[in-house]
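Working through the structure, step by step
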Amino acid sequence: AQKVTQAQTEISVVEKEDVTLDCVYETRDTTYYLFWYKQPPSGELVFLIRRNSFDEQNEISGRYSWNFQKSTSSFNFTITASQVVDSAVYFCALSEERGSTLGRLYFGRGTQLTVWP
Amino acid sequence: GAVVSQHPSRVICKSGTSVKIECRSLDFQATTMFWYRQFPKQSLMLMATSNEGSKATYEQGVEKDKFLINHASLTLSTLTVTSAHPEDSSFYICSAESGLAGGESTDTQYFGPGTRLTVL
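Everything quoted here is computed from the prediction, not taken from an experiment. (Residues numbered from 1 in each chain as written. Chains lettered and ligands numbered in written order. Predicted model: local features only at pLDDT ≥ 70, side-chain atom pairs only at ≥ 80, totals over all residues. Heavy atoms only, no water.)

Concerning the nonpolar core
A general tendency of soluble globular proteins is for nonpolar side chains to be buried together. Here is the rule we go by: What makes a nonpolar core is a set of buried Ala, Val, Leu, Ile, Met, Phe, Trp, Tyr and Cys residues whose side-chain atoms join them at distances within 4.5 Å. The buried label applies to any residue whose accessible area, calculated with a 1.4 Å probe on protein chains only, is under 20% of its type's maximum; exposed applies above 50%, and partly exposed to all values in between. Going along the chain from the N terminus, every DSSP run of H or I of four or more residues is numbered as a helix, and every run of E of two or more is numbered as a strand.
W36, W66, F77, Y90 and L113 of chain A are the most contacted members of the largest nonpolar core, which totals 25 residues. Residue assignment for this core shows that the elements contributing at least two residues are β2 (10–14), β3 (19–21), β5 (32–39), β6 (46–52), β8 (64–69), β9 (74–79), β10 (88–96) and β12 (111–116) of chain A. Top element by residues in this core is β10 of chain A. It accounts for four residues. Counting 24 residues, the second largest nonpolar core, distinct from the first, contains V4, A30, V62 and L117 of chain B.

Written as structure tokens, this is what we have:
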């Protein structure tokens, strides 16, 4: 069974602090994809990153970085020097390959990040 | 690239009426579209998977006669909430995945901005 766990329901930080959002997943497939999406108050889900199961390299994009560790089935997301505009709900998601398509996404419950000025 | 639009963004209707929500992929062809429902402060719940030219696949517990899905073209899928009731009030979000090109997918679902439905 596939499952994505985001244990942190809410996180509050003060601007310029670093913050890490945790994501732990379960899957029996050897080929799968992990995602992070951001949902600001407007509601639209914004794609942040995709990782396939064969690529364990960590990635950095500006203030964002992701740590993928298959050994612990985790795909954590760190925001460095957080800003008020980072305030949003962040979802971690898992998808497994189904033939030639991506297949459905399994979402975690989301983490509400609030960054205070 | 990879823009998905939804229309309308917000709708308020009376109980018993039907509401149609459109989901369009603007700059790519989507062989597969997904419809999600999200209640306040909760995660996204997949309702159905829509494939162009075929019947949608509904998740367990989702009434297919109440939530009619039509994927008439590679750029358009519609969700019709029939005989809407207050309990159908929710945030409905679609996503689209590009089709195959030489056996590879885009590996990413792109989401529309969502439609907030309020049934009085």
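Section: the packing of aromatic side chains
Rules: Two aromatic rings, drawn from Phe, Tyr or Trp (for Trp, its six-membered ring), form a pair once their centres lie within 6.5 Å of each other, and the interplanar angle then sorts them: stacked below 30 degrees, edge-to-face above 60, tilted otherwise. Distance and angle both matter: a charge sits over a ring if NZ of Lys or CZ of Arg is within 6 Å of the ring centre and within 35 degrees of the ring normal.
Counted according to the given criterion, the structure contains 20 aromatic pairs over all chains. Three or more aromatic residues link up through ring pairs in this structure, and these residues are F35, Y37, F47, F91 and F107 of chain A together with F28, Y36, Y110 and F111 of chain B. We note R104 of chain A situated over the ring of Y106 of chain A; from NZ or CZ to the ring centre the distance is 4.1 Å.

Thoughts on the state of the cysteines
Stated precisely, the cut-off is as follows: Cysteine sulfurs are considered disulfide-paired once they come within 2.5 Å of each other.
With the rule as written, the count across this model stands at two disulfides over all chains. One disulfide bridge connects C23 of chain A with C92 of chain A, the sulfur atoms lying 1.9 Å from each other. Judged by the sign of its S-S torsion, about -65°, the cystine formed by C23 of chain A and C92 of chain A is left-handed. Taken together, the positions of C23 of chain A in the loop between β3 and β4 (24–26) and C92 of chain A in strand β10 put the pair 69 residues apart, joining distant regions of the chain. Taking the relative accessible area as the measure of exposure, C23 of chain A reaches 0% and is therefore buried. In this model C23 of chain B forms its disulfide with C94 of chain B; the gap between the sulfur atoms is 2.0 Å. Across the disulfide from C23 of chain B to C94 of chain B, rotation about the S-S bond amounts to roughly 80°, and the bridge is consequently right-handed. Of the two residues, C23 of chain B sits in strand β3 (residues 19–25) while C94 of chain B sits in strand β9 (residues 90–98), which places them 71 residues apart along the sequence. With a relative accessible area of 0%, C23 of chain B lands in the buried category.

Remember, this is a structural readout, not a statement about activity or role.
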